[in-house]
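Topology and contacts: notes
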Amino acid sequence: AALVATDRNGSALTITPQGDNRYTFKMPRSAVTVEASFQLLAPWSSPYADVNTGDWFYGAVEYVVESGLMTGTSATTFEPDDTLTRAMMATVLWAMEGGPVVNYAMAYTDVDSDDWFAEAVRWATSEGVVNGVGDNAYAPNDPLTREQMAVMLYAYAVYKGYDTTQGGMAIREFGDYEEVSDWAATAMDWAVNAGLLGGKPGNLLDPAGSATRAEIATILRNFCENIVK
């Protein structure tokens, strides 16, 4: 797409992007002509053999891959049914923030400075977006649970100053809501009522269950579309 604004003499005006598809320019003392042109983009074609048109997660995978939030596990696989690890989730949030590098000394004994996820965990820990699991451990290779995922997203939303007031009784409609850990209760309540986290078959939240890559892709798309403003 292209946007051009010209004054009555045909001279181009400086157009400044303001985000959220908004643009501004300084109005001259004359009429202004604004022209917009658009190019039809080809629909996304999945490069992954395990992500096909018709899969319930197809659109979500397209979104996170095109947004640079997630990548495939190889050039031809996404492995949607595999679980996401705690290291991977920190990396996803780090990517959402633009991959900042911070000067912060981590106390984790299981995160080395040359680990592929080290800078992501360093940043996320420094901002309180993630926490360890105790005994100076982050457990980067442990499968991410659904309630851990909710806590990390909630902490990131708070860090960004997004609206986290969503609340209600929806979480109590699930048969296992009482199994939500106390430390995750606020985040899970927010995630359910904000429409980020849905139930599993049997009307269950499965808070301690692992989160798959397809589920995370869907939740990330919901987060970016419903929470990020």
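The present account deals with the structure reproduced in this document.

Side note on the environment of S113
Note that S113 resides in the loop between α2 (86-96) and α3 (118-126). Residue classification places S113 among the exposed positions, given a relative accessible area of 61%.

Observations concerning the pattern of salt bridges
Within the structure shown, the criterion is met by four salt bridges. Note that R122 is salt-bridged to E119, the shortest N-O span being 3.4 Å. Remark: E119 and R122 occur in helix α3; sequence separation between them is three residues, near one turn of the helix. E119 sits in the partly exposed class, given a relative accessible area of 25%.

Some remarks on the environment of R22
With respect to the helices, strands and loops of the structure, R22 is situated in strand β3 (residues 22-24). Taking relative accessible area as the criterion, R22 reaches 48% and is therefore assigned partly exposed. Ignoring any residue separated from it by four or fewer positions in sequence, one finds R22 in contact with T16 and P17.

What counts, and where the lines are drawn
Residues numbered from 1 in each chain as written. Predicted model: local features only at pLDDT ≥ 70, side-chain atom pairs only at ≥ 80, totals over all residues. Heavy atoms only, no water. Helix = DSSP H or I, 4+ residues; strand = E, 2+ residues; numbered from the N terminus. Buried < 20%, exposed > 50% of the residue type's maximum accessible area, 1.4 Å probe, protein only. Salt bridge = Lys/Arg side-chain N within 4 Å of Asp/Glu carboxyl O. Contact = heavy atoms within 4.5 Å.

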